[in-house]
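One letter stands for each residue in the lines below.
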Amino acid sequence: MKLSKVLWVLLSLCCYCVIINNNGVEGSHEVHPQYMSHQAARVSRLHRTSYHFQPPQNWINDPNGPMFYNGIYHLFYQYNPKGAVWGNIVWAHSISRNLIDWEALEPAIYPTDPYDINGCWSGSATILPGNRPAILYTGIDTQQRQVQNIAFPANLSDPYLTKWVKSSKNPLVAPDSSVNASAFRDPTTAWWLNGHWRMLVGGKHHKRGIAHLYRSRDFMKWVKAKHPLHSAQHTGMWECPDFFPVSIYGENGLDTSATGRNVKHVLKVSLDLTRYEYYTIGKYNPSMDRYTPDNSSADGWDGLRYDYGNFYASKTFYDPPHKRRVLWGWANESDTSSNDTAKGWAGIQTIPRTLWLDKGKKQLIQWPVREINTLRGQKFQVRKHELKTGEYVNIPEISAAQADVEVTFYVPSLEKAEEFDPSWVNAQDLCGLKGSTVQGGVGPFGLLTLASEHLEEYTPVFFRIFKAKDKHKVLMCSDAKSSSLRTDVYKPSFAGFVNVDLKDGILSLRSLIDHSVVESFGARGKTCITSRVYPTMAVMKKAHLYAFNNGTETVTIKNLNAWTMHTPQMN
């Protein structure tokens, strides 16, 4: 492991989390007992999002058990009903008919029994034969072991599935002597194959991350396979695993049980050590129950990521009416816990994304679900505008703090592209080195989001193009260093490389801006970055949006559309 990676991880751990070891139970959230059951007298609207998923107040983290059932979308999520920090966790439950407007129901699962009395942690939903949903989730039992449990709707005739009941046979899966009982959690959506259900449970053995495989004929009696579906050295605990098929051809999603010649599989894990997520694309061998990543998919810290920013504990589900696979992810706060407690809320879910396999079959493409477009209101357009060196173009007539902007840039020449140093292997380090104010050849160019009028604060989302040995290298950044005048918030320079062909000179960017979050999609969803930011000046009606170019090569805004986003019904 390179020294820079060690330092990077140590910094991430300092800023994001500590490892909890509470009577043998390992977790990855900061513990603040003084705040766990402390509710703010008033919920602050400052920095609170308007069209992202969040409850009216308090803490949320992992999205759990998303599903579409009888015409209704369900999202469960880890929730503290008593405060704005992690603790007192229950499975909260919301429903929607369009993935945009949400209604909160009563929480579905509470700690109540010996097998989950010390915690009801993350899990997944599966639709069983007879159109019967089931939830598999991790409980922390009286021995502080992590065990896997099941719950069913109390009344299938209830269209909202309001109440859920736990099985008297819980726990269905308890750790045997070969399993680390303090690192054994987050069961996946199950898939059916050759007369058996299969599910994965995340784990680790020493420093090896593991996707434990279990099989069942009836979904109640589970047997551990002799070998895991997959594992990898030096990756640590695999949280929130997700395993699903993708079609080699086209953008349609597939049911979780789909296999065949024209199918590849994706294995995603959330790495406890880095607090980032990684995925591989590969081949699932049903007869061997083994998953093998393709040679083009790095298996570990250098691997592909859904999102190169603040995005964790994600979960996908198959949406049959629209034949798509939809991705949910959690974006934690980058503020302090005392500030979160004072404002009365913490955590959001990112906008749900449709994902599919890129035509090159080496990565996934992600794009906000099309329903989000229904929130678009007042519009402003820019066409064929040349951005000279050092130029900033104001985007007026919209609410810049609550906006959706899509821009297509045209780069007429790559001759001035800077030479790429092969030692620049870490995109985030490179973004920190060459930010939006560091003049380059081709770039930096992009958007200044949540900007104050005179640029005392701004969050730039931009591209910079380099000339590598055999092709051009595109860096995409979402740099929070200048996002706030405050010094007590985490302001990282998030970044990722974009695998895109520049022969036509076209490079696109979309950013969803919502008060304290900027979700950005580069090159039509090839590289995605989410940033959480807390401006002091660029708030509400004082926020501005600019397009800019700080490279010596002139870049043309071929097409820019920006919209004010309306506020949906939100819990």
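What you see is a predicted model, and the numbers here were worked out from it, not measured in a lab.

Calculation rules
Residues numbered from 1 in each chain as written. Predicted model: local features only at pLDDT ≥ 70, side-chain atom pairs only at ≥ 80, totals over all residues. Heavy atoms only, no water. Helix = DSSP H or I, 4+ residues; strand = E, 2+ residues; numbered from the N terminus. Buried < 20%, exposed > 50% of the residue type's maximum accessible area, 1.4 Å probe, protein only. Contact = heavy atoms within 4.5 Å. Core = buried A, V, L, I, M, F, W, Y, C linked by side-chain atoms within 4.5 Å. Salt bridge = Lys/Arg side-chain N within 4 Å of Asp/Glu carboxyl O. Phe/Tyr/Trp six-rings, centres within 6.5 Å; stacked < 30°, edge-to-face > 60°. Lys NZ or Arg CZ within 6 Å of the ring centre and 35° of its normal.

K.L.:
Summarise the environment of Pro107; cite the residues concerned and give the values.
P.N.:
The residue Pro107 is located in strand β6 (residues 103-109) in this model. By relative accessible area, Pro107 is classed as buried at 18%. For the pair Pro107 and Asn155, spaced 48 residues apart in sequence, the C-alpha to C-alpha distance is 15 Å. Apart from residues lying up to four places away in sequence, Pro107 is in contact with Val90, Trp91, Ala92 and His93.

K.L.:
How would you explain the side chain of Asp294 if you had to name every residue and give the values?
P.N.:
Within the fold, Asp294 resides in the loop between β20 (290-293) and β21 (312-319). Classification of Asp294 by relative accessible area gives buried; the value is 18%. If we ignore the near neighbours within four places in the chain, the residues touching Asp294 are Lys264, Ile281, Gly282, Lys283 and Lys361.

K.L.:
Give me the nonpolar core: which residues, what numbers.
P.N.:
Ile395, Phe445, Ile465, Leu507, Leu545 and Leu560 are the most contacted members of the largest nonpolar core, which totals 63 residues. With residues up to four places along the chain from it excluded, the contact list for Leu560 reads Phe380, Gln381, Val382, Arg383, Ile395, Val405, Glu406, Val407, Leu447 and Ala547. Judged by nonpolar contacts, the second largest core, of 17 residues, contains Trp197, Phe219, Met220 and Trp222.

K.L.:
Explain the pattern of salt bridges to me, and be specific about the residues and the numbers.
P.N.:
For the structure shown, the criterion picks out 30 salt bridges. Between Arg198 and Asp289 there is a salt bridge; the shortest N-O distance is 2.9 Å. Placement of Arg198 in strand β13 (residues 196-205) and of Asp289 in the loop between β19 (276-285) and β20 is noted, with a sequence separation of 91 residues between them. Under the relative-accessibility criterion, Asp289 is labelled buried at 2%. Put simply, Asp319 and Arg324 hold a salt bridge, and the shortest N to O gap is 2.7 Å.

K.L.:
Residues and numbers for the packing of aromatic side chains, please.
P.N.:
Each pair of aromatic rings is reported with the distance of its centres and the angle of its planes. Under the counting rule described, the total for this entry stands at 31 aromatic pairs. An angle of 70 degrees between the planes, with centres 6.3 Å apart, marks the rings of Phe462 and Phe548 as edge-to-face. With Phe462 in strand β32 (residues 459-467) and Phe548 in strand β38 (residues 544-549), the pair connects residues that are 86 residues apart, well separated along the chain. For the pair formed by Phe462 and Phe548, the shared burial category is buried. Site record: aromatic cluster; members linked through ring pairs are Phe53, Tyr77, Tyr79, Trp102 and Trp328. Positioned above the aromatic ring of Phe152, the side-chain terminus of Arg132 is 3.9 Å from the ring centre. In this arrangement the basic side chain of Arg376 is found over the ring face of Trp563, its NZ or CZ atom lying 3.6 Å from the centre.

So, to be careful, I would describe these as geometric facts and stop short of saying anything about function.
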